[in-house]
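Below, each chain spelled out in residue letters.
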Amino acid sequence: MSATTRFIEEMGLIAQERGESRISGRLIGLMVVEGQELNLVQISEKLAISRASASTNARDLARKGVLKLRTHAGDRQDYYQLVSLSEIDVVGNIAAQFERQAQTIKNCVEDMQAEDSEAARRAAVVQSFLAQSAEILTHWVTTLRAADEHKKDEK
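The shown structure was predicted, so the numbers you read here are calculated from the model rather than taken from an experiment.

1. Brief notes about the packing of aromatic side chains
Here is step 1: One pass over the structure, following the stated rule, counts one aromatic pair.
Here is step 2: Centroid distance Phe 98 to Phe 129: 6.5 Å. Interplanar angle 90°. Geometry classified as edge-to-face. Linking Phe 98 in helix α5 (residues 90-112) with Phe 129 in helix α6 (residues 117-154), this pair joins segments that are 31 residues apart in sequence.

2. Focus on the environment of Val 66
Here is step 1: With respect to the helices and strands, Val 66 occurs in the loop between α4 (51-63) and β2 (67-72).
Here is step 2: The spatial distance from the C-alpha of Val 66 to the C-alpha of Ala 96 is 18 Å, given a sequence separation of 30 residues.

3. Describing the pairing of β2
Here is step 1: Bridging between β2 and strand β3 (residues 75-82) involves five bridges; their strand directions are antiparallel. Its bridge partner lying in β3, Leu 69 is registered against Tyr 80.
Here is step 2: A loop of two residues connects β2 with β3, the two strands running antiparallel in sequence, and Gly 74 in this loop sits at a positive phi of about 80°.

4. Side note on the nonpolar core
Here is step 1: Of all hydrophobic cores here, the largest spans 16 residues; its most connected members are Leu 27, Ile 43, Leu 47, Leu 67 and Tyr 80.
Here is step 2: Only α2 (22-34), α3 (40-47) and α4 provide two or more residues apiece to this core.
Here is step 3: In contact with Ile 43, not counting residues within four places along its chain, are Leu 27, Leu 30, Leu 38, Ala 54 and Tyr 80.

5. Notes on α6
Side chains that are three or four residues apart share a direction in an α-helix, a result of its 3.6 residues per turn.
Here is step 1: End to end, α6 covers 55 Å across 38 residues, agreeing with the expected 56 Å (1.5 Å per residue, within 8%).
Here is step 2: Among the residues making up α6, those that are buried are Ala 119, Ala 120, Ala 123, Gln 127, Leu 130, Ser 133, Ala 134, Leu 137 and Val 141.
Here is step 3: In this structure, the buried side of α6 is in contact with α5.
Here is step 4: Between a side-chain oxygen at the N-terminus of α6 and the backbone nitrogen of Glu 118 the separation is 3.2 Å; the capping residue is Asp 116.

6. What about the environment of Val 126?
Here is step 1: Looking at the secondary structure, you find Val 126 in helix α6.
Here is step 2: C-alpha separation for the pair Val 126 and His 150, spaced 24 residues apart in sequence, amounts to 36 Å.

7. Here's the deal with a negative patch on the surface
Here is step 1: A cluster of acidic residues, Glu 110, Asp 111, Glu 115 and Asp 116, forms a negative patch at the surface.
Here is step 2: In this fold, Asp 116 is placed in the loop between α5 and α6.

8. Quick look at the sheet that holds strand β1 (residues 38-39)
Here is step 1: Across the sheet, three strands lie side by side as β1-β3-β2; this open sheet has antiparallel pairing. Two strands close off the open sheet at either side, each with one partner strand: β1 and β2.
Here is step 2: Taken strand by strand, α2 contacts β1, β2 and β3, and its axis lies near 90° from that of β3.

9. Points about the side chain of Arg 26
Here is step 1: Its location among the elements puts Arg 26 in helix α2.
Here is step 2: The contacts of Arg 26, once residues within four sequence positions are left out, are Ile 8, Glu 9, Met 11, Gly 12, Leu 47 and Ile 49.

10. Describing the packing of α3 against α4
Here is step 1: Taken N-terminus to C-terminus, the directions of α3 and α4 make an angle of 110°; their axes are 8 Å apart at the nearest point. Viewed along their axes, α3 and α4 adopt a mutual orientation that is roughly perpendicular. Of the two possible hands of crossing, α3 and α4 adopt the one that is right-handed. Along the contact surface, α3 presents Leu 40, Val 41, Ile 43 and Ser 44, while α4 presents Arg 51, Ala 54, Ser 55 and Ala 58.
Here is step 2: When grouped by side-chain class, the residues that make up the contact of α3 with α4 number five nonpolar, two polar and one charged.

What counts, and where the lines are drawn
Residues numbered from 1 in each chain as written. Predicted model: local features only at pLDDT ≥ 70, side-chain atom pairs only at ≥ 80, totals over all residues. Heavy atoms only, no water. Phe/Tyr/Trp six-rings, centres within 6.5 Å; stacked < 30°, edge-to-face > 60°. Helix = DSSP H or I, 4+ residues; strand = E, 2+ residues; numbered from the N terminus. Pairing = 2+ DSSP bridges. Core = buried A, V, L, I, M, F, W, Y, C linked by side-chain atoms within 4.5 Å. Buried < 20%, exposed > 50% of the residue type's maximum accessible area, 1.4 Å probe, protein only. Contact = heavy atoms within 4.5 Å. Expected span 1.5 Å × (residues − 1). Polar contact = N/O pair within 3.5 Å; in protein donor to acceptor, adjacent residues only side chain to side chain. Patch = residues over 30% accessible without salt bridge, like charges linked within 9 Å, V, L, I, M, F, W, Y side chains within 5 Å. Areas by Shrake-Rupley, 256 points an atom, 1.4 Å probe, with all protein chains shown as cover. Salt bridge = Lys/Arg side-chain N within 4 Å of Asp/Glu carboxyl O. Lys, Arg positive; Asp, Glu negative; His and termini not counted. Charge placed at Lys NZ, Arg CZ, Asp CG, Glu CD. Axes fitted to C-alpha atoms, helices over the stretch in contact; angles between N-to-C directions. Parallel < 35°, antiparallel > 145°, perpendicular 65-115°, else oblique. Left-handed = near helix turned anticlockwise from the far one by under 90°. Nonpolar A, V, L, I, M, F, W, Y, C, P; charged D, E, K, R; others polar.

Listed below in structure tokens is the structure:
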């Protein structure tokens, strides 16, 4: 197996480990390796998957903001292009998710106080973990954005 093929396969396993489809991970890996837009026929041939599977996974990744759907005048094919990593706010999305979850649990803890203060205390530990995680990730996002702006200023 070539190093490139191994990379694509490892991306599939990483996606599967996160609870996503292995094909979607392989598709991202392929797009990284190719470095250009590909149509569904090209994707299905290069990954040795059905065109329907290529279409389903590409559309899902486009909906998630990882791929962009592209079209060409006079060509009925759908093309997909990997969104640049700086455009994907993965860490920001996770931070926002943790913040929402922390707020939800905080509301539960407040309601639990009158019923069972000991259970509320234990639930507050979960809320604190989520809130601290959101804070750390938000700080990381700020650092990443500042570094990205610095790179742009240097160009």
